[in-house]
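# Residue-level structure breakdown
Residue strings, one per chain:
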Amino acid sequence: MKKTLRNLGSLTFLGVMLFTANSAFAQTTTSSVTTAPATTSTTTTTTSDGTVSEFGPTTFVVKSTTSTTPLSYSYSKTTTYVDENGNAVSSETVKSGAPVTVYYTQDGDKMIATKVIVRKMTTTTTPNP
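Because the structure is a prediction, the values reported are computed rather than measured. (Residues numbered from 1 in each chain as written. Predicted model: local features only at pLDDT ≥ 70, side-chain atom pairs only at ≥ 80, totals over all residues. Heavy atoms only, no water.)

## Focus on the overall build of the chain
When its secondary structure is counted, the chain shows 1 helix and 6 strands. N-terminal to C-terminal, the α/β element order of the chain is α-β-β-β-β-β-β. Put simply, the chain has 129 residues, and 21% of those count as buried. If you take every contact in the chain between residues at least 6 apart in sequence, the share linking residues at least 24 apart comes to 50%. (Helix = DSSP H or I, 4+ residues; strand = E, 2+ residues; numbered from the N terminus. Buried < 20%, exposed > 50% of the residue type's maximum accessible area, 1.4 Å probe, protein only. Contact = heavy atoms within 4.5 Å.)

Quick look at the structure:
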């Protein structure tokens, strides 16, 4: 009787361990269905740093730190504006002279801003002798 209970306990323990191991190593697979005609589009987001030189109703121009020519970006209602800490700010904070990092996508020859990080303006003062 004791041997039967011990064997039953061992089998129960083994079953629990196998079930736990199976659950712990489960993998999630995702499948996708493509319907005809199949089209694939790839969106690449790029960033650029610089200082805003102009801000208009549909576009703004940034003097880039990596390019000698100013870059023009389009924006829309879906463009997000945040500060360096990721807190949302209004689009009015993007003004001439503001240092920014622009996340954008390329649509043909047009650069469309998806996110604009407005950095704090730094001022340097030289001490008087």
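## With respect to the packing of aromatic side chains
Under the definition given, this model contains 5 aromatic pairs. Centre to centre, the rings of Phe60 and Tyr75 are 6.0 Å apart; their planes meet at 45°, and the pair counts as tilted. Highlighted residues: Phe60 in strand 2 (residues 59-64) and Tyr75 in the loop between strand 3 (71-74) and strand 4 (80-83), separated in sequence by 15 residues. Like Tyr75, Phe60 is buried. Among the aromatic side chains, those forming a connected cluster through ring pairs are Phe55, Phe60, Tyr73, Tyr75 and Tyr104. (Phe/Tyr/Trp six-rings, centres within 6.5 Å; stacked < 30°, edge-to-face > 60°.)

## Section: the side chain of Thr79
Of note, Thr79 is situated in the loop between strand 3 and strand 4. Residue classification places Thr79 among the buried residues on the basis of a relative accessible area of 6%. Reaching out from Thr79, the side chain makes a polar contact with the backbone nitrogen of Ser76 at a distance of 3.0 Å. A polar side-chain atom of Thr79 sits 2.8 Å from the main-chain carbonyl oxygen of Ala113. If near-sequence neighbours (up to four positions away) are discounted, Thr79 is found in contact with Ala113, Thr114, Lys115 and Val116. (Polar contact = N/O pair within 3.5 Å; in protein donor to acceptor, adjacent residues only side chain to side chain.)

## Some thoughts on the environment of Thr51
Within the secondary structure layout, Thr51 lies in strand 1 (residues 45-55). Contacts of Thr51, omitting those with residues within four sequence positions, involve Val61, Val62, Lys63, Gly97, Ala98 and Pro99.

## A short note on the side chain of Thr101
Turning to its location among the elements, Thr101 is positioned in strand 5 (residues 99-107). Given the relative accessible area of 12%, Thr101 is considered buried. A polar side-chain atom of Thr101 sits 2.8 Å from a polar atom in the side chain of Arg119. Residues contacting Thr101, with those up to four places away along its chain left out, are Thr47, Ser48, Asp49, Lys115, Val116, Ile117 and Arg119.

## Points about the pairing of strand 6 (residues 110-118)
Within a regular strand, the side chains alternate between the two sheet faces. Taken together, the 4 bridges between strand 4 and strand 6 define a ladder with parallel strand orientation. By the bridge assignment for strand 6, Tyr81 is matched with Val116. Two strands pair when backbone bridges link them, and strand 5 and strand 6 are joined in this way by 8 bridges, in the antiparallel orientation. What sits directly across from Thr105, in strand 6, is Ile112. Linking strand 5 to strand 6, which pair antiparallel, is a turn of 2 residues; within it Gly108 sits at a positive phi near 70°. (Pairing = 2+ DSSP bridges.)

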